[in-house]
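# Descriptive analysis of the structure
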Amino acid sequence: MKKTVYIILSLFFVMCFASCASNDVVAEPAVSTKNNKQTEEKLRFEDWKYKGFGKELPVWIEPALAQDINTLKKLVPEMENASVVKILAGTGENSDQADQTAKELANDLLQENSDLTFFANFWVLDSKKSDKQYVALYIYYK
């Protein structure tokens, strides 16, 4: 009798734990990205923010790295009518260092212009650069 109870309890616990692992994850809405244009031969970005979580590279990242404000305005609907767009870039040997450098630049900018609206911060590892440093971007507009 005890053996039967132990077997039933064991099966019950296995079923409880197995049912927790089978829950579906809700998919996020589709985002237009540049990641699908990267091939193994032409992999420009080796690493980026949230890559490990399966997030794709935003379409605006290349114009932002190139400081191409006109193209950035065309790709981002919120900035289409912006009179001022500021792209602050910081570099570093790792993503944290690059982000800290860019954050310091952003803090300095916000002390001078407090009426700017924050759009995004993002970092990438650009394999086309010879020094292979991380680049972090902070983007503001008005």
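Please refer to the structure placed before this passage.
Not measured: the values here are computed from a predicted model.

## Some thoughts on the nonpolar core
Core analysis: the biggest nonpolar cluster contains 20 residues, and Trp60, Ile61, Leu72, Met79, Val85, Phe119 and Ile139 have the highest contact counts within it. Looking at this core, the elements with two or more residues in it are β1 (45-48), α2 (61-65), β2 (85-92), β3 (117-126) and β4 (134-141). Contacts of Trp60, omitting those with residues within four sequence positions, involve Leu72, Leu75, Val76, Phe119, Ala120, Phe122 and Ile139. Core analysis: the next-biggest nonpolar cluster, separate from the first, contains twelve residues, Leu88, Ala102, Leu116 and Tyr134 among them.

## Side note on the side chain of Ser95
Here Ser95 is to be found in helix α4 (residues 95-112). On the accessibility criterion, Ser95 (17% relative accessible area) is buried. Ignoring sequence-local partners within four residues, the contact set of Ser95 consists of Trp123 and Tyr134.

## Observations concerning the sheet that holds β4
The four strands lie next to each other as β1-β3-β4-β2, forming an open sheet whose pairing is antiparallel. Here the strands that pair on one side only, and so sit at the sheet edges, are β1 and β2. When the angles between neighbouring strand axes are averaged without regard to direction, this sheet yields 25°. Pairing geometry for β2 and β4, over eight bridges, is antiparallel. Looking across to β4, one finds that Val85 is bridged to Tyr141.

## Quick word on the packing of aromatic side chains
With the rule as written, the count across this model stands at six aromatic pairs. Centroid distance Tyr50 to Phe53: 6.3 Å. Interplanar angle 50°. Geometry classified as tilted. Here Phe53 falls in the exposed class, since its relative accessible area comes to 72%. Centre to centre, the rings of Phe118 and Tyr140 are 5.5 Å apart; their planes meet at 65°, and the pair counts as edge-to-face.

## Details of the pattern of salt bridges
Taken as a whole, this structure holds four salt bridges when the rule is applied. Arg44 is the salt-bridge partner of Asp126, the closest N and O atoms lying 2.9 Å from each other. Placement of Asp126 in strand β3 and of Arg44 in the loop between α1 (2-21) and β1 is noted, with a sequence separation of 82 residues between them. With relative accessibility at 3%, the residue Asp126 sits in the buried group. For Arg44, a relative accessible area of 23% corresponds to the partly exposed category. The salt bridge partner of Lys132 is Glu46, with a shortest N-O separation of 2.5 Å. Of this pair, Lys132 sits in the loop between β3 and β4 while Glu46 sits in strand β1; the two residues are 86 residues apart in sequence, bridging distant segments of the chain. Taken together, the shared-partner salt bridges in this structure form one network comprising Arg44, Glu62 and Asp126.

What counts, and where the lines are drawn
- Residues numbered from 1 in each chain as written.
- Predicted model: local features only at pLDDT ≥ 70, side-chain atom pairs only at ≥ 80, totals over all residues.
- Heavy atoms only, no water.
- Core = buried A, V, L, I, M, F, W, Y, C linked by side-chain atoms within 4.5 Å.
- Buried < 20%, exposed > 50% of the residue type's maximum accessible area, 1.4 Å probe, protein only.
- Helix = DSSP H or I, 4+ residues; strand = E, 2+ residues; numbered from the N terminus.
- Contact = heavy atoms within 4.5 Å.
- Pairing = 2+ DSSP bridges.
- Axes fitted to C-alpha atoms, helices over the stretch in contact; angles between N-to-C directions.
- Phe/Tyr/Trp six-rings, centres within 6.5 Å; stacked < 30°, edge-to-face > 60°.
- Salt bridge = Lys/Arg side-chain N within 4 Å of Asp/Glu carboxyl O.

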